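What follows is the residue order along each chain.
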Amino acid sequence: MVRIEPSWKEALAGEFEHPYFKKLAAFVRGEYLAEKVFPPPKYIFHAFDLCPYDAVKVILLGQDPYHGAGQAHGLCFSVTERVVVPPSLANIYKEIVSDIGGNAPRDGNLEGLARQGVLLLNATLTVRAHEAGSHQGRGWEDFTDAVIKKLSDEKEHLVFLLWGNYAKKKNALIDSEKHLVLPAAHPSPLSAHNGFFGCRHFSQTNAYLTNHGKTPIRWL
């Protein structure tokens, strides 16, 4: 039994019956029993629980959950309040302030964005402690690719934020005739100066949403 927000449970019912997902679920259950795995089980589908299917306006794609203690809580780039803001998120805040003004938050909890319709989706939803990428290639990517394609196919005028080469590859799943796709460099300190800083994705997103009769996002 997958515990996920009801509208997503209905929208993704077919995925949960696929053999790949049943194999994935068995693997994940075994990992939580045998290893230290993040995020805590109740937060695996936190991005979906805070942003119901019909509320999605923006999709921000990450790759892997944070693998340090107390960091990951099911939203890409987001951390719990008691954790220092990670470097990539600090750069995201810098770009928001540069783009639309305001003051950067003191913590890295992005639940407020999720509740406004920003689906903060990692490609892989679980990870072993201190082992980045340890749950890649087990089926999560099949599931999250299906989420992206379903949103693209069934909705109109969404904004997809694709930061970094991994996220940019997901462009193949998205109908850019119906949606706004905004690619950029990853906000990591290693690459932010190669095209993330100055991308102005936050003002572009809000202009697009406003032009299509949707409420803009309060980014800060």
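Cut-offs applied
Residues numbered from 1 in each chain as written. Predicted model: local features only at pLDDT ≥ 70, side-chain atom pairs only at ≥ 80, totals over all residues. Heavy atoms only, no water. Helix = DSSP H or I, 4+ residues; strand = E, 2+ residues; numbered from the N terminus. Rg over C-alpha atoms; globule rule 2.2 N^0.38 Å. Buried < 20%, exposed > 50% of the residue type's maximum accessible area, 1.4 Å probe, protein only. Polar contact = N/O pair within 3.5 Å; in protein donor to acceptor, adjacent residues only side chain to side chain. Contact = heavy atoms within 4.5 Å. Core = buried A, V, L, I, M, F, W, Y, C linked by side-chain atoms within 4.5 Å. Salt bridge = Lys/Arg side-chain N within 4 Å of Asp/Glu carboxyl O. Pairing = 2+ DSSP bridges. Axes fitted to C-alpha atoms, helices over the stretch in contact; angles between N-to-C directions.

A. Geometry of the overall build of the protein chain. Helix and strand content of the protein chain: 9 helices and 6 strands. Expected size for 220 residues packed as a compact globule is a radius of gyration near 17 Å; at 17 Å, the protein chain falls within 12% of this value. A principal-axis box enclosing the C-alpha atoms of the protein chain has dimensions of 45 × 35 × 25 Å. Scored against the burial criterion, the 220 residues of the protein chain give a buried share of 53%.

B. Examining the side chain of Thr80 more closely. Summarising the element assignment, Thr80 is placed in the loop between β2 (58-62) and α5 (87-100). With a relative accessible area of 12%, Thr80 lands in the buried category. A distance of 2.6 Å separates a polar side-chain atom of Thr80 from the backbone oxygen of Gly70. Contacts of Thr80, omitting those with residues within four sequence positions, involve Gly70, Gln71 and His73.

C. Quick look at unusual backbone geometry. Note the cis peptide between Phe38 and Pro39, where omega equals -5°. Within the secondary structure, Pro39 sits in the loop between β1 (37-38) and α4 (46-50). Of note in this structure, His130 is not a glycine but carries a positive phi near 60°. Along the chain, the position of His130 falls in the loop between β4 (127-128) and α7 (140-154). A positive phi is found at Arg200, a non-glycine position, where the angle reads about 55°. By secondary structure assignment, the location of Arg200 is in the loop between β6 (180-184) and α9 (201-211).

D. Expanded view of the nonpolar core. Of all hydrophobic cores here, the largest spans 71 residues; its most connected members are Trp8, Phe45, Phe48, Leu119 and Phe143. Apart from the residues lying within four places of it in its own chain, the contact partners of Phe45 are Val2, Arg3, Ile4, Phe21, Leu125, Trp140 and Phe143.

E. Quick peek at the pattern of salt bridges. Scanning the entire structure with this criterion turns up 10 salt bridges. Across the pair Arg128 and Glu31 runs a salt bridge, and its minimum N-O distance is 2.6 Å. Here Arg128, found in strand β4, pairs with Glu31, found in helix α3 (residues 19-34); they are 97 residues apart in sequence, far enough to count as distant. In this structure Arg128 comes out as partly exposed when scored by relative accessible area, which is 23%. Between Arg128 and Glu35 there is a salt bridge, with the nearest N and O atoms lying 4.0 Å from each other. Note that Arg128 is positioned in strand β4 and Glu35 in the loop between α3 and β1, a separation of 93 residues in sequence. Connected through salt bridges with shared partners, the residues Glu31, Glu35, Arg128 and Glu131 form a single ionic network.

F. Quick peek at the sheet that holds β6. With parallel pairing, 4 strands are arranged side by side in an open sheet as β3-β2-β5-β6. Sheet topology places β3 (118-122) and β6 at the edges, where each strand pairs with a single neighbour. Neighbouring strand axes in the sheet, compared pairwise and without regard to direction, differ in orientation by 20° on average. The pairing of strand β5 (residues 159-163) with β6 spans 5 bridges and is parallel.

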